[in-house]
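Below, each chain spelled out in residue letters.
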Amino acid sequence: MRRKFIAGNWKMYKTTAEALAFAEALKGIRLDPAVEAGVCAPFTQLAALKAAFAGTDVKLGAQNAHFEDQGAFTGEVSAPMLKEIGVDYTVIGHSERREYFAETDETVNKKLRQLFAYGITPILCVGEKLERRDAGEELQVVREQLEKDLAGLTAAQVAELVIAYEPIWAIGTGRTASPDQAESMCRFIRETVAGLYDGAAADKVRIQYGGSVKPDNAAEILGRPNVDGALVGGASLVPEDFAKIVNFGF
Ligand code: 13P
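Below or above, wherever it landed, is the structure these notes cover.

**Some points on the site of the ligand**
- Neighbouring the ligand are N9, K11, H94, E166, A170, I171, G172, G211, S212, L231, G233 and G234.
- With respect to the ligand, the backbone of G172 contributes an N or O atom lying 2.7 Å from an oxygen atom.
- S212 has a polar backbone atom sitting 2.8 Å from an oxygen atom of the ligand.
- In the complex, 96% of the free accessible area of the ligand, which totals 310 Å², lies under the protein chains.
- Residues of the shell around the ligand, tallied by class, amount to three nonpolar, seven polar and two charged.

**Topic: helix α11 (residues 215-222)**
- For α11, the complete set of buried residues consists of N217, A218, I221 and L222. Down the axis of α11, the smallest arc covering the buried residues is 125°, so these residues share one side. Opposite the buried face of α11, at more than 90 degrees from it, the exposed residues are D216 and E220.
- In this structure, the buried residues of α11 make contact with β1 (5-9), α9 (179-196), β7 (206-210), β8 (229-232) and α12 (239-246).

**Brief notes about the nonpolar core**
- Residues I6, I189 and Y209 are the most contacted members of the largest nonpolar core, which totals 66 residues.
- When residues in this core are grouped by element, the largest group, six residues, is from α9.
- With residues up to four places along the chain from it excluded, the contact list for Y209 reads Y165, P167, A170, T176, A177, A182, I221, V227, G229, A230 and L231.
- In this structure, F5, A7, I123 and C125 belong to the second largest nonpolar core, which totals ten residues.

**Notes on unusual backbone geometry**
- Phi is positive for K11, which is not a glycine, with a value near 55°.
- Looking at the secondary structure, you find K11 in the loop between β1 and α1 (16-27).
- By relative accessible area, K11 is classed as buried at 19%.
- Here the phi dihedral of K14 falls at roughly 80°; this positive angle occurs in a residue that is not glycine.

**Overview of the packing of aromatic side chains**
- Taken as a whole, this structure holds five aromatic pairs when the rule is applied.
- Note on Y100 and F101: the rings are 6.5 Å apart at their centroids and 90° apart in plane angle, and the pair reads as edge-to-face.
- Of the residues examined, Y100 reaches a relative accessible area of 60% and is grouped as exposed.
- Through successive ring pairs, a cluster of aromatic residues spans W10, F22 and F242.
- Seen from the ring of W10, K14 lies directly overhead, with NZ or CZ sitting 5.3 Å from the centre.

About the thresholds
Residues numbered from 1 in each chain as written. Predicted model: local features only at pLDDT ≥ 70, side-chain atom pairs only at ≥ 80, totals over all residues. Heavy atoms only, no water. Near = heavy atom within 4 Å. Polar contact = N/O pair within 3.5 Å; in protein donor to acceptor, adjacent residues only side chain to side chain. Areas by Shrake-Rupley, 256 points an atom, 1.4 Å probe, with all protein chains shown as cover. Nonpolar A, V, L, I, M, F, W, Y, C, P; charged D, E, K, R; others polar. Buried < 20%, exposed > 50% of the residue type's maximum accessible area, 1.4 Å probe, protein only. Helix = DSSP H or I, 4+ residues; strand = E, 2+ residues; numbered from the N terminus. Arc of directions from axis to C-beta. Contact = heavy atoms within 4.5 Å. Core = buried A, V, L, I, M, F, W, Y, C linked by side-chain atoms within 4.5 Å. Phe/Tyr/Trp six-rings, centres within 6.5 Å; stacked < 30°, edge-to-face > 60°. Lys NZ or Arg CZ within 6 Å of the ring centre and 35° of its normal.

Okay, here's the thing in structure tokens:
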């Protein structure tokens, strides 16, 4: 049985003081222990949040990592640097990074390999633009991303991976995918993993939906059998809203 996993993606929001206030507020709210909960924060807040979440079940993630251990890559942060802080996950290949920071399937693939080498769980983001969905090409887009992004990974690695299906047209727009659309793409991703790897990896890999998940639509989306969790942007910035999504079935 796959455990549901709600991850907040804070993007470029919150100072460290604001992040610590969030952690403090979250400590006062009971979270469903059946659900895994984590926050993917900007780099500058990770060490402070690691300390603030100590003794709680809330896990910690980053939002990117470079694929080399070290080097002359001004402004970048490496997997061993994140490992030292004790992060559990890193978002990789978010559509905003693909769009604004020249992230490609090739760099995404290198980053996934690097994170596995350091024992950090990647949250791999895939998803189509509106024009590709309108053209009926969303399955093709996601299949191609998976083939390229997962190239060379082992079945055992893919089993440990988290894949977030984030249709770009649903990110920050308030226009969420319907529960049927989320379920059918998450099922398609699982079938694609089964075809590229094996049934055991497909059964174990956790597949999140992301795109305008809010407290009032979380239960319906998360109730679907192939949707194993959510990657939450805007609503994860407010501790009460994040907790309501974690507690969707509580
Ligand atoms: P919103 O929840 O703000 O739509 O963002 C989704 C997202 O991009 C999470 O990674």
